[in-house]
Amino acid sequence: MRDPILLGGVASGILLATGLFLAVTGMHGRAARLGDALGLLAGDPMLLHPQQVRADEPASNDGDLTSRLGAWAFTRLRLPLSERTRRALSLRDRSIGDFFAEKLILFGLGLSAPLLLTGLLQGFGQLITPLPLGAALALAGLGWFWPDVTLRRSDQTLRADAGEALFTFFDLVTLERLANASAAQAMMSAASLSDVPLFLRLRTALERARLEQRPPWHELHRLARELEVPEIGDIADVMRLDEQGAALSDALRARVKELRDAHLLAEKLAAQQVSERMTLWMVIPSMIFGLVFLTPPILKLLGLDH
């Protein structure tokens, strides 16, 4: 009996050491390669983006070992990734490699935990049934899809946070314009005041346009299509009027007011829908309470009170 117990102890030690190694390596980042960074600023679509990994390119610019492992699995195994998930990761400023690393780790934990427990029980002479194998497959599937579920559940909150960050950006741009900054300078200064994911994406787009020595409107429209945030394109159209010598402050404040009113209306409609869904649960206790009082008279009328 000692050999199975020894084997289980060794397997447990290896699993614990592997977990500690992955935890330590995950805490240390790695600087991006100079070629990838310059290619990103140049807008080369064949080079990687921190939030976008092409299926036919190696993922070499992820920050740590686990992220590079997830990116390698994504590129080499041709794992599926929807555009909706890409946009959600982009708004979170999270790499695809990190996303798939989480999926692989949870998949491995779900698959190995029941099997390891079964091995330990077998070492102690317990009866082995096919149940651990089914539990391992079920937990592995749950671990693989759990990151997708959490990402989808937080999508609405993430969109709301991005909208609030965008309106803050518009206010900062307006203040920069009132300080007599040019359109490009106002947007770049406003985007440099925060490190939230949306500000980072705006700053990257503006920096790319600056290095290419061209107006940033095309990059902003591309970013609006990529993130499905049309308000970025609207503000770019307003700021483009600076090339025609138009006064932007009034037009910018009017457009921002329209966007805020539309956002407030959408929030009110969402709140009304939530209130309507709560109405059902508020009516059910009242119906039960009324039924308690109506049951005796109805039974008496039907002659069933004996």
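The text that follows walks through the structure, step by step, so that each part is easy to find. (Residues numbered from 1 in each chain as written. Predicted model: local features only at pLDDT ≥ 70, side-chain atom pairs only at ≥ 80, totals over all residues. Heavy atoms only, no water.)

Observations regarding the packing of helix α10 (residues 217-227) against helix α11 (residues 230-239)
Running from N to C, α10 and α11 cross one another at 165°; their axes reach a closest spacing of 7 Å. Relative to α11, the element α10 is oriented roughly antiparallel. When you trace α10 past α11, the crossing you get is left-handed. On the side of α10, the interface is formed by W217, L220, H221, L223 and A224, while α11 contributes P230, I232, G233, A236, D237 and M239. Classifying every residue of the contact of α10 with α11 by side-chain character gives 8 nonpolar, 2 polar and 1 charged. (Axes fitted to C-alpha atoms, helices over the stretch in contact; angles between N-to-C directions. Helix = DSSP H or I, 4+ residues; strand = E, 2+ residues; numbered from the N terminus. Parallel < 35°, antiparallel > 145°, perpendicular 65-115°, else oblique. Left-handed = near helix turned anticlockwise from the far one by under 90°. Contact = heavy atoms within 4.5 Å. Nonpolar A, V, L, I, M, F, W, Y, C, P; charged D, E, K, R; others polar.)

Comments concerning the packing of helix α9 (residues 197-211) against α10
Between α9 and α10, the shortest axis-to-axis distance is 9 Å and the interhelical angle comes to 145°. The two elements α9 and α10 meet at a crossing, and its hand is right-handed. Side by side, α9 and α10 meet where L198, R201, L202, A205, L206, R208 and A209 of the first sit next to E219, L220, R222, L223, E226 and L227 of the second. In the contact of α9 with α10, the residues fall into 8 nonpolar, no polar and 5 charged.

Description of unusual backbone geometry
The backbone of Q213 sits at a positive phi, close to 55°, despite the residue not being glycine. Turning to its location among the elements, Q213 is positioned in the loop between α9 and α10. Judged by relative accessible area, Q213 falls into the exposed class, the value being 74%. The phi angle at E228 is positive, at roughly 55°, despite the residue not being glycine. Locating E228 in the fold gives a position in the loop between α10 and α11. (Buried < 20%, exposed > 50% of the residue type's maximum accessible area, 1.4 Å probe, protein only.)

Observations regarding helix α7 (residues 155-178)
Given a rise of 1.5 Å per residue, 24 residues ought to cover 34 Å, and the 35 Å separating the end C-alpha atoms of α7 matches this to within 8%. Within the sequence span of α7, burial applies to D155, L158, A162, G163, A165, L166, F167, F169, F170, V173, T174 and R177. (Expected span 1.5 Å × (residues − 1).)

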